[in-house]
Amino acid sequence: MSVSADSTEPLVRVDDVHTYYGKSHILHGVSLTVQPGEVVGLLGRNGVGKSTTLKTIMGLVNPSHGTVLLDGNAITGLPPHRLARLGIGYVPEDRRIFRLLTVMENLRTGLDRGGVNEDRRRALLEKVFTYFPVLAERRSQAGGTLSGGEQQMLAIARAMMLEPKIILLDEPTEGLMPRMVSQIRRIIEVLHNDGVAILLVEQNVPLTLEASQRVYVMEKGSVRHHCAASEIDVHHPVIKQYLGL
Amino acid sequence: MGAIANFLHAIPLELIIIQTINGVVTGMILALIASGLTLIFGIMDVVNFAHGELFMLGAYVGVVIVAVTGSFWLGLIASALIVGIFGAALQIVTLRPLIGRDPLNTILATFGISLVLQNYALWQFGPVSRKIPDPMSSSFTLFYLQYPWYRIVIALLSAAIIGGFYLFLKYSKFGVWIRATAQDRVMAQAMGIPVPLVYTGVFAIGSAMAAASGVLFAPTTGVDHSMGLDWVLKAFIVVVVGGMGNLGGSILAAIFISLLESYAAIWLDPSQAVIVSFVALILTLLFRPTGLFVATPK
C-alpha cells in the first residue's frame, strides 16, 4: 500500500499507466487510487492528461504499459461496455448525451440491462427525477433540445442509471451558470452520501477542494502532488506552482 | 405553357394511375431493401456491396423451402430467418475483424462476399432462372388491365415489415441500443451497450429484410444468380438520394425514385427509364449532397 492510509483494498487502482495517442506520449506513468465511496479530485492545467486518465480507466483508450484494477481485479483491455456493467459510470467532458434520443431513452441506455426488475427501474428513475425534476418534465423531449446545464444533469443522471460503484466526472461545471454549478456541487454530495465513489476532474479548484477528500495534482502526464483536500487551499504553493492560480 | 398542358392532356389518366400503382409497389420492395442497406451504413459505416446477393440468396432459400413445403408464407418467414442468421455469421467472420480499419477494407470484403455468393448460386442452382409460384393467382380489373392482387399484397407486406421495424427501433431495448450506437458509439459503449453485438444484430436484421424482399419479389419475375445486381444498384441510388444512413429518407426516396421511373416509362422503354434515377442521383449529389429529404444539412 502506497500513499493511502486506509487498509482496505482500493475500489480503483491505476498503476504506472502509460498511454499514447498515436505517437504522442500522453500519460507518463500515472498512479492513483480511489477508495470505495471516496470523492477524489484530479487537478492540473489543460492538456496534462486528466481526461486521458479517465478515458484509460473507462477502457476508451488502452494503456501501452501499466494496469488498472477494479476491486483488485485487472480490467485493462476489457471493452468499455463490460466496464460499465462492472460498475464504472462515465460522464465525459462534452457530456455526449444522445441528442436525437429523448431524455427517457437516454436514461434507458443505462437502465436496460440484465438484473434490473420493474421495481428497481422505477426506484432508480424516481431517484434521478427527485434530484433533477427538470428531467422529469422533459422526459419525452429530445436530448439535443436541452440547455447546457440540463444536458449536464442528464449526463450525470444517465450514468447513475448504471448504479455504478464509481463515477468518472470530467469537468461537470464547465461553461455552466453559477446556479447550475451549485446544483452539480449538491449532486456530488448526494452521490457521495449514497456511497458512490467519484473521480472528479475540474478546473474549478475551490469546488474540487471542497467536494473531495483527497486530491491529485497532475503535470505533463504524471501525478506531481497528492494530499488530503483539507491540507491545502487555493493559496497553497502547490496550487500556484501547478495550476498557476 | 399551352403546349405543355396539351402534352399532359394527351396522357390518358388511366395510364397515370396504373403507373402510380406500379411505382408504389416497386417502391415498397425497394424501400425494404434500401432500409437494410442504409441502416448498415448508418450504424456500422459499412457500404455493403453484398446486399443484393443477400436479396438473391433470400429468393433462392425461398425457392427451396416453397418447393419442399409448398407454403409460400412459410418460405417467406423461414428465408428471412435463415438469411438473417447467415448474415450474423457473415458479419462475425468477415466484418467484425475489420472494425476500426480503413473503410476500403470493408468495401473490398463485402464486394468479395458478393462475388462468392453469386458464383455459389450459379454453381448450386445453375444458370436457368427458377420460379416461385404466385401465392395468390386472383386479380382485379384496373381499367383495361387484369392487375394481380399479389402485387398489392407485396406493397402492403413491405409496408408492414418496415412499419414493424420502425416500432422495433422506437420502442424495444435493442432499438434504443441501435439508435444510441448510431449517434455516438463510444458513449454507447460507456453506457454498457455491447456495441459489437449491436453491429451483428443490425447486419442480421438488414440481411433478413433483404431476404424477405427477395422472396416477396420472386413470384413476379424469376430467381437467378444475378438478380441482386439491378436491385442493389437502385438501392444505392435510393440510399444516397435519401441521405446516407437516414431511414425515413430512404423510404421516401425509394418511392420517389420508383415513381419517377414508372412515369418515365410512359414515354421511354422501361430499360431506359433507369436513366431518370441516375439523373436524380446526380442532381441530388450536386445540390443536396446530404439527401433530398433532410431538412437542414448538419
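Here the structure is a predicted model, which is why all the values come from computation and not from measurement. (Residues numbered from 1 in each chain as written. Chains lettered and ligands numbered in written order. Predicted model: local features only at pLDDT ≥ 70, side-chain atom pairs only at ≥ 80, totals over all residues.)

Caption draft 1: Examining the overall build of chain A more closely. Looking only at helices and strands, chain A has nine helices and ten strands in total. Against the 2.2 N^0.38 benchmark of 18 Å for 245 residues, chain A shows a C-alpha radius of gyration of 18 Å, consistent with a compact globule. Considering only C-alpha atoms, chain A reaches an extent of 45 × 40 × 35 Å along its principal axes. Counting all 245 residues of chain A, 44% fall into the buried class. A separation of at least 24 residues holds for 68% of the contacts in chain A among residues at least 6 apart in sequence. (Helix = DSSP H or I, 4+ residues; strand = E, 2+ residues; numbered from the N terminus. Rg over C-alpha atoms; globule rule 2.2 N^0.38 Å. Buried ≥ 20, exposed ≤ 12 C-beta atoms within 10 Å, placed from the backbone. Contact = placed C-beta atoms within 7 Å.)

Caption draft 2: Representation of the overall build of chain B. For chain B, the count of helices and strands is twelve helices and two strands. Mapped in sequence order, the helices and strands of chain B form the string α-α-α-α-α-β-β-α-α-α-α-α-α-α. At 20 Å, chain B has a C-alpha radius of gyration in line with the 19 Å of a compact globule built from 298 residues. Projected onto the principal axes, the alpha-carbon positions of chain B cover approximately 65 × 50 × 35 Å. Across the 298 residues in chain B, those meeting the buried criterion constitute 47%. Within chain B, residue pairs in contact and separated by at least 24 positions form 75% of the contacts whose partners lie at least 6 positions apart.

Caption draft 3: Looking closely at the confidence of the model for chain A. Predicted confidence across chain A gives a mean pLDDT of 91, with 97% of residues reaching 70 or more. Ignoring residues within four places in sequence, the model shows residues 1-6 of chain A, a span with pLDDT below 50, making five contacts including any to other chains. (pLDDT = per-residue confidence, 0-100.)

Caption draft 4: Looking closely at the sheet that holds strand β2 (residues 24-34) of chain A. Residues and elements named next belong to chain A. With antiparallel pairing, the four strands of this open sheet are ordered in space as β2-β1-β4-β5. Of all strands in the sheet, those bounded by a partner on one side alone are β2 and β5 (73-74). With five bridges connecting them, strand β1 (residues 12-21) and strand β4 (residues 65-70) associate as antiparallel partners. Residue pairing for β4: valine 12 is matched across the bridge by leucine 70. Strand contacts of helix α1 (residues 50-57): β1, β2 and β4, with the helix running at about 110° to β1, the strand carrying the most contacts. (Pairing = 2+ DSSP bridges. Axes fitted to C-alpha atoms, helices over the stretch in contact; angles between N-to-C directions.)

Caption draft 5: Region of interest: the interface of chain B and chain A. Taken together, the contact pairs 16 residues of chain B with 22 residues of chain A. Secondary-structure elements contributing two or more residues to the side of chain B that touches chain A are α7 (173-183) and α8 (185-190) of chain B. Taken together, the residues that form the side of chain B that touches chain A break down as ten nonpolar, three polar and three charged. (Nonpolar A, V, L, I, M, F, W, Y, C, P; charged D, E, K, R; others polar.)

Caption draft 6: Just the environment of glutamate 219 of chain A, in detail. Residues and elements named next belong to chain A. When you line up the elements, glutamate 219 lands in strand β9 (residues 214-219). For glutamate 219, a count of 16 C-beta atoms within 10 Å puts it in the partly exposed group. Those residues in contact with glutamate 219, other than ones at most four positions away along the chain, are Gly44, Val48, Arg224 and Tyr242.

Caption draft 7: The environment of methionine 56 of chain B, seen in detail. Residues and elements named next belong to chain B. Examined against the element boundaries, methionine 56 turns out to sit in helix α3 (residues 51-69). Sequence-wise, methionine 56 and valine 223 are 167 residues apart; in three dimensions their C-alpha atoms are separated by 7.3 Å. Beyond its immediate stretch of four places on either side in the chain, methionine 56 contacts Ala121, Gly214, His225, Met227 and Gly228.

Caption draft 8: Expanded view of unusual backbone geometry. All names here are of chain A. Residue glutamate 163 is not a glycine yet carries a positive backbone phi of 45°. Within the element layout of this structure, glutamate 163 appears in the loop between α6 (148-160) and β7 (166-170). With a phi close to 45°, glutamate 171 is a non-glycine residue in the positive phi region. Its 21 C-beta neighbours within 10 Å are what place glutamate 171 among the buried residues.

Caption draft 9: Broad picture of the sheet that holds strand β6 (residues 88-91) of chain A. Residue and element names in this part refer to chain A. Spatial strand order, β6-β7-β8-β3-β9-β10: six strands in an open sheet with mixed pairing. Looking along the sheet, the strands with just one partner apiece sit at the ends: β6 and β10 (222-228). Sheet twist, expressed as the average angle between the axes of neighbouring strands with direction ignored, equals 15°. Pairing of strand β3 (residues 39-43) with β9 involves four bridges; the strand directions are parallel.

Caption draft 10: Quick look at the nonpolar core. Core analysis: the biggest nonpolar cluster contains 155 residues, and Ile166, Leu168 and Ile198 of chain A together with Ala211 of chain B have the highest contact counts within it. When sequence neighbours within four positions are dropped, the list of residues in contact with isoleucine 198 of chain A reads Val39, Ile166, Ile167, Leu169, Ile188, Leu191 and His192 of chain A. (Core = buried A, V, L, I, M, F, W, Y, C linked by C-beta atoms within 7 Å.)

Caption draft 11: Representation of the pairing of β7 of chain A. All names here are of chain A. β7 sits mainly inside the fold: five of its five residues count as buried. Burial along β7 is two-sided: the face carrying Ile166, Leu168 and Asp170 and the face carrying Ile167 and Leu169 are both buried. In the sheet, β6 pairs with β7 via four bridges, with the strands oriented parallel. Among the inter-strand pairings, valine 91 is bridged to a residue of β7, identified as leucine 169. Note on the crossover from β7 through helix α7 (residues 178-193) to strand β8 (residues 197-201): the handedness is right-handed. (Right-handed = clockwise from strand over helix to strand, strands pointing away.)

Caption draft 12: Local environment of α7 of chain A. Residue and element names in this part refer to chain A. The first and last C-alpha atoms of α7 sit 23 Å apart over 16 residues, in line with the 22 Å expected at 1.5 Å per residue. Within the sequence span of α7, burial applies to Ile184, Ile187, Ile188 and Leu191. The buried residues of α7 occupy one face: seen down the axis, they fall within an arc of 105°. Of the residues in α7, the exposed ones pointing more than 90 degrees away from the buried face are Pro178, Arg179, Arg186 and Asn193. On its buried face, α7 sits against β3, α4 (118-131), α6, β7, β8 and α8 (205-211). (Expected span 1.5 Å × (residues − 1). Arc of directions from axis to C-beta.)

Caption draft 13: Looking closely at the environment of glycine 110 of chain A. You can see glycine 110 of chain A is positioned in helix α3 (residues 103-111). Using a count of 23 C-beta atoms within 10 Å as the deciding quantity, one classes glycine 110 of chain A as buried. Taking C-alpha positions, glycine 110 of chain A is 5.1 Å from methionine 161 of chain A, a pair spaced 51 residues apart along the chain. With residues near it in sequence (within four places) discarded, glycine 110 of chain A still touches Arg158, Ala159, Met161 and Leu162 of chain A together with Met191 and Gly192 of chain B.

Caption draft 14: Spatial organisation of the packing of helix α2 (residues 13-44) of chain B against helix α9 (residues 195-217) of chain B. All names here are of chain B. Packing of α2 against α9 leaves a shortest axis separation of 8 Å and a crossing angle of 165°. Between α2 and α9, the angle is such that the two are roughly antiparallel. Crossing geometry of α2 relative to α9 is assigned as left-handed. On α9, the residues that touch Ile29, Leu32, Ile33, Ser35, Gly36, Leu37, Leu39, Ile40, Ile43 and Met44 of α2 are Tyr199, Val202, Phe203, Ile205, Gly206, Ser207, Met209, Ala210, Ala212, Ser213, Leu216 and Phe217. (Parallel < 35°, antiparallel > 145°, perpendicular 65-115°, else oblique. Left-handed = near helix turned anticlockwise from the far one by under 90°.)

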